[in-house]
Amino acid sequence: MATVDERGPGGESARERAVREHASLLQDAAHLSIVGAVLLTGFALVKSYAVGHFSLTTGAALLTTAPLTVLLGSLMSYAYWILPLAALALLYGAVRARRRIGAWTWEGAALLGLAALSALLSPVRSLLTCGLAFLVFLLVARGPRAAAEATGADAPDHRSRWRSRWASLTSSPLFRTPVFFVVAVLWVVLGSLTRPWTPVELVAFQEGAEQRLVVGNVLSADGEWTTVMRAGDRGLNRIRSEDVVSRRLCHLVGAQAAGQAPLLWELQDRPYRSPNRSCRKLADQQSDVQVTAGSFPG
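Procedures and definitions
Residues numbered from 1 in each chain as written. Predicted model: local features only at pLDDT ≥ 70, side-chain atom pairs only at ≥ 80, totals over all residues. Heavy atoms only, no water. Axes fitted to C-alpha atoms, helices over the stretch in contact; angles between N-to-C directions. Helix = DSSP H or I, 4+ residues; strand = E, 2+ residues; numbered from the N terminus. Parallel < 35°, antiparallel > 145°, perpendicular 65-115°, else oblique. Contact = heavy atoms within 4.5 Å. Nonpolar A, V, L, I, M, F, W, Y, C, P; charged D, E, K, R; others polar. Pairing = 2+ DSSP bridges. Patch = residues over 30% accessible without salt bridge, like charges linked within 9 Å, V, L, I, M, F, W, Y side chains within 5 Å. Areas by Shrake-Rupley, 256 points an atom, 1.4 Å probe, with all protein chains shown as cover. Salt bridge = Lys/Arg side-chain N within 4 Å of Asp/Glu carboxyl O. Lys, Arg positive; Asp, Glu negative; His and termini not counted. Charge placed at Lys NZ, Arg CZ, Asp CG, Glu CD. Buried < 20%, exposed > 50% of the residue type's maximum accessible area, 1.4 Å probe, protein only. Expected span 1.5 Å × (residues − 1). Phe/Tyr/Trp six-rings, centres within 6.5 Å; stacked < 30°, edge-to-face > 60°. Lys NZ or Arg CZ within 6 Å of the ring centre and 35° of its normal. Polar contact = N/O pair within 3.5 Å; in protein donor to acceptor, adjacent residues only side chain to side chain.

Peer 1: I'd love a proper account of the packing of helix H4 (residues 79-101) against helix H8 (residues 177-191), names of residues and values included.
Peer 2: To characterise two packed helices, one gives the angle between the axes of the helices and the distance between these axes. Where H4 meets H8, the axes come as close as 11 Å, and the angle between the chain directions of the two elements is 175°. One element, H4, and the other, H8, form an angle in the roughly antiparallel class. Here Trp81, Leu85, Leu88, Ala89 and Tyr92 of H4 lie close against H8, whose contacting residues are Thr177, Pro178, Phe181, Ala184, Val185, Trp187 and Val188. Broken down by class, the residue content of the contact of H4 with H8 amounts to 11 nonpolar, 1 polar and no charged.

Peer 1: Let's hear about the pairing of strand E2 (residues 210-221): which residues, and what values?
Peer 2: Side-chain direction in a regular strand flips from residue to residue, so the side chains alternate between the two faces of the sheet. Relative to E2, strand E1 (residues 201-207) is paired through 7 bridges, and the arrangement is antiparallel. Its bridge partner being in E2, Leu202 is matched across the sheet by Val215. Counted between consecutive antiparallel strands, the loop separating E1 from E2 contains 2 residues, among which Gly208 sits at a positive phi close to 70°. The sheet contact formed by E2 and strand E6 (residues 290-291) spans 2 bridges and is parallel. By the bridge assignment for E6, Arg212 is matched with Gln290.

Peer 1: Which residues make up a positive patch on the surface, and what values go with them?
Peer 2: Taken together, the side chains of Arg96, Arg99, Arg100 and Arg142 make up a positively charged region of the molecular surface. Top element by residues in the positive patch is H4. It accounts for 3 residues. Structurally, Arg99 can be placed in helix H4. Residue Arg99 is classed as exposed on the basis of its relative accessible area, which comes to 68%.

Peer 1: I'd love a proper account of H4, names of residues and values included.
Peer 2: An α-helical turn contains 3.6 residues, so any two residues separated by three or four positions project in the same direction. An ideal rise of 1.5 Å per residue puts 33 Å on 23 residues; H4 measures up with 32 Å between its terminal C-alpha atoms. Within the span of H4, buried status applies to Ala79, Pro84, Leu85, Ala87, Leu88, Tyr92, Ala94 and Ala97. Downstream of H4 by one or two residues, Gly102 has phi in the positive range, about 90°.

Peer 1: If you had to explain the pattern of salt bridges to someone new, which residues and values would you point to?
Peer 2: Under the definition given, this model contains 4 salt bridges. Salt-bridge contacts for Glu201 lead to Arg247; the nearest nitrogen and oxygen are separated by 2.8 Å. Taken together, the positions of Glu201 in strand E1 and Arg247 in strand E5 (residues 244-249) put the pair 46 residues apart, joining distant regions of the chain. With relative accessibility at 41%, the residue Arg247 sits in the partly exposed group. Here Arg230 and Asp233 are joined by a salt bridge, their closest N and O atoms 3.0 Å apart. One continuous salt-bridge network, built from bridges that share partners, spans Glu207, Glu210 and Arg212.

Peer 1: Account for unusual backbone geometry, with residues named and values stated.
Peer 2: Non-glycine residue His53 carries a positive phi angle of around 55°. Checked against the element boundaries, His53 lands in the loop between helix H1 (14-51) and helix H2 (56-65).

Peer 1: Run through the packing of aromatic side chains, naming residues and quoting values.
Peer 2: Taken as a whole and judged by the stated rule, the model has 8 aromatic pairs. For the pair Trp265 and Tyr272, a centre-to-centre distance of 6.2 Å together with 55° between the ring planes defines the contact as tilted. Take Trp265: its relative accessible area is 25%, and that puts it in the partly exposed class. A relative accessible area of 34% places Tyr272 in the partly exposed class. Among the aromatic residues, ring-to-ring pairing joins Tyr92, Phe134, Phe137, Phe180 and Phe181 into one connected group. Directly above the aromatic system of Trp265 lies the positively charged group of Arg270, at a separation of 4.0 Å from the ring centroid. In this structure, Arg280 is placed above the aromatic ring of Phe296, and the distance from its NZ or CZ to the ring centre is 3.9 Å.

Peer 1: I'd like a description of the side chain of Ser241, backed by residues and values.
Peer 2: Relative to the helices and strands, Ser241 is located in the loop between strand E4 (236-240) and E5. When its relative accessible area of 17% is taken as the criterion, Ser241 is described as buried. In this structure the side chain of Ser241 is engaged in a polar contact, spanning 3.3 Å, whose partner is the backbone oxygen of Trp225. When residues no more than four places from it in sequence are discounted, the contact partners of Ser241 are Asp222, Gly223, Glu224, Trp225 and Thr226.

This is the structure:
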């Protein structure tokens, strides 16, 4: 039996179209992978350079000792803002899917569930800040257009003409909703670009006959050397690992975001207490031990 070769308008068979579409998808995936790799590499370089207070020596030490932790550690340091923005983005995506299809689907329900989970894990203050900023953006970008459509183009009222002009101005691509999230992410990243992605530690070590303290981020610790980036001036201390007496995680006030309870705990009325003590208080408790210069921000 002869097979029928159905060809499209351009003389292309269904199999040829399928092969061409598959190749196009592979090309798009490869292109996205290259772009993603370039962006991640650029982010790691810029983040290391900024965290090292724009010192090439410290930036190189950061990048070479812990290159794989830059991304995940940075995401964790942004969690107080990324989670509220993710909740808003997921909610926005669910509402758009509902309007486009005209009914709720399982994809929309999944987006709503993820949005609720992100909101419950978000600090209340950050969630309110992001929510109010998003609401103001929508009022500025969508309010005049909705008012102009409701009033009508033929209305002679001066306010109607003003709303029509503002509506035409906000029809620019710069006022589209995805732009809000792009700007918000850039604001979060740039606002904390110099913040390290590793925890601050109080390191006690032996130097000759006396003991000393250094407050900073431990970049590497092998059997021979322990490298610490001081929290104040972002200089480097290399200490013999055998001379390290103790290492204690601590919270550096002014250089790290204060701990905040998530919305879930607020709804449960659970008190929040940071598990890490202040670096300054821990150092002051050892008044007979000298603190290395540059450990604390000036």
